[in-house]
Amino acid sequence: MGLFDKIKKMFKRSEEEDIGEEKVEEESLEEQEIDEEDSNEEYKENIKEKEEKKLTKKEEKKKKKEEQKETKDEVKESVKVYEKGLTKTRENFVSKLINLTRKYNKVTEEYFDELEEILIMADIGVDTVMSFMDRLRKRVRNENIEDLEYLKEVIVDELFIIYVSDEIIVNKINYAEKAPTVILFVGVNGVGKTTTIAKMAAKLHDEGKSTMMIAGDTFRAGAIEQLKEWADRTDSKFYGGSEGSDPSSVIYDGLEKAINDDIDVVLIDTAGRLQNKDNLMRELEKINKVIGKIVPNGPHETLLVIDATTGQNGISQAKAFKEITNITGIVLTKLDGTAKGGIVLAIKESVGIPVKYIGLGERKEDLQVFDIEKYIYGLFKDMM
């Protein structure tokens, strides 16, 4: 079974499975009651104990069902966020792909040429598209593919392969064994670093974790006050120095306070001045050393925040920051505001760094842990 079929079944299966499970459980309870009544005397003597046992079992099953329902509801909500957030890309990209299939009745070089253009326009990136087209042509030849409807499914499979690339994709935060976990945020100004920190703090707060924001961006006017406001809104602790102060000193003092206050997760903002890479490199090196002195193995994550609407410029930023510091993951913001959502695939292919979070709207729920299968579904659901 190809990825296309797998994802269709995963997200579009009916409720029959759930109904079947409930029926089996009911039959099992009935059989249990019959077995218990086989010995009438024993049943009468132990009726109270058995009723209590039966009630406990029902409560356990009810609790289990509620937990399963909650998990399913969370998954459904997450899938809806992907569907809505990728609307612009889907309408632009998939509609063109469907029209292309209608235009041709067989696989030709003209078909490949138009497909290539569609992929490039989706911001998947020229280099990525070229290697993808070579692989697609080879697969079409080897499998003697002529059916264009089937070829659409092959395209989905191959786009998935671009992202996965025989690797185990880790999209979860690397939490420290002993608190605090330190997450360093980097990226140029205007990409949404501060609001991303706020959304992540809100999500962590909902999970029962305590958070602290440290204002390591002491250069941009208003950055400290802006982060302080978000800390207040998300019930996070805050630490910041004065404008123009040494970022490393602020971070050092902030981490000491976080340890004293038993904070679970520390979220550190940094300046986004990429114009002078040498200065930024020295600054980030110093910050990393300071964090490592206070918190062993810190920072546990260094997340690069990129604005998806900047397209290929975002890939240039990723390459530049990768040269400067050790990026563990990417947060791709404003993906709902662009018709070029293919940048998710381009970034992974170009810089080899996994996308850990994507921003699909303004709400805290719209910051989603990146899931390649939900992404593929959100992108291609009109074809399924």
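Scroll up to find the structure.
The structure presented is a predicted model; accordingly, all values stated were derived computationally and were not measured.

Each value, and the rule that gives it
- Residues numbered from 1 in each chain as written.
- Predicted model: local features only at pLDDT ≥ 70, side-chain atom pairs only at ≥ 80, totals over all residues.
- Heavy atoms only, no water.
- Helix = DSSP H or I, 4+ residues; strand = E, 2+ residues; numbered from the N terminus.
- Buried < 20%, exposed > 50% of the residue type's maximum accessible area, 1.4 Å probe, protein only.
- Contact = heavy atoms within 4.5 Å.
- Areas by Shrake-Rupley, 256 points an atom, 1.4 Å probe, with all protein chains shown as cover.
- Salt bridge = Lys/Arg side-chain N within 4 Å of Asp/Glu carboxyl O.
- Axes fitted to C-alpha atoms, helices over the stretch in contact; angles between N-to-C directions.
- Parallel < 35°, antiparallel > 145°, perpendicular 65-115°, else oblique.
- Left-handed = near helix turned anticlockwise from the far one by under 90°.
- Expected span 1.5 Å × (residues − 1).
- Arc of directions from axis to C-beta.

### Quick look at the overall build of the protein chain
Within the protein chain, the secondary structure is distributed over 15 helices and eight strands. A burial count over the protein chain gives 47% of its 384 residues as buried. When contacts within the protein chain are restricted to residue pairs at least 6 apart in sequence, those whose partners lie at least 24 apart make up 75%. Accessible surface computed for the protein chain: about 20000 Å², of which carbon and sulfur atoms make up 47%.

### Some details on the pattern of salt bridges
Taken as a whole, this structure holds 19 salt bridges when the rule is applied. One network of salt bridges, in which partners are shared, links R135, R139, E143 and E158.

### Details of the packing of helix α12 (residues 277–294) against helix α13 (residues 312–324)
For the pair α12 and α13, interaxial distance at closest approach is 9 Å and the crossing angle is 50°. Judged by the angle between their axes, α12 and α13 are oblique. Along this stretch, α12 crosses α13, giving a crossing that reads as right-handed. Where α12 abuts α13, its residues K277, L280, M281 and L284 lie against A320, F321, E323 and I324.

### Examining helix α6 (residues 109–121)
With 13 residues, α6 ought to run about 18 Å at 1.5 Å a step, and its terminal C-alpha atoms sit 18 Å apart, in line with that. When α6 is considered as a whole, its buried residues turn out to be Y111, F112, L115, I118 and L119. The buried residues of α6 occupy an angular sector of 120° when projected down its axis, which confines them to one face. The inward-facing, buried residues of α6 abut α5 (87–103), α7 (126–143) and α8 (148–164). Looking one or two residues past α6, D123 carries a phi angle of roughly 70°, positive in sign.

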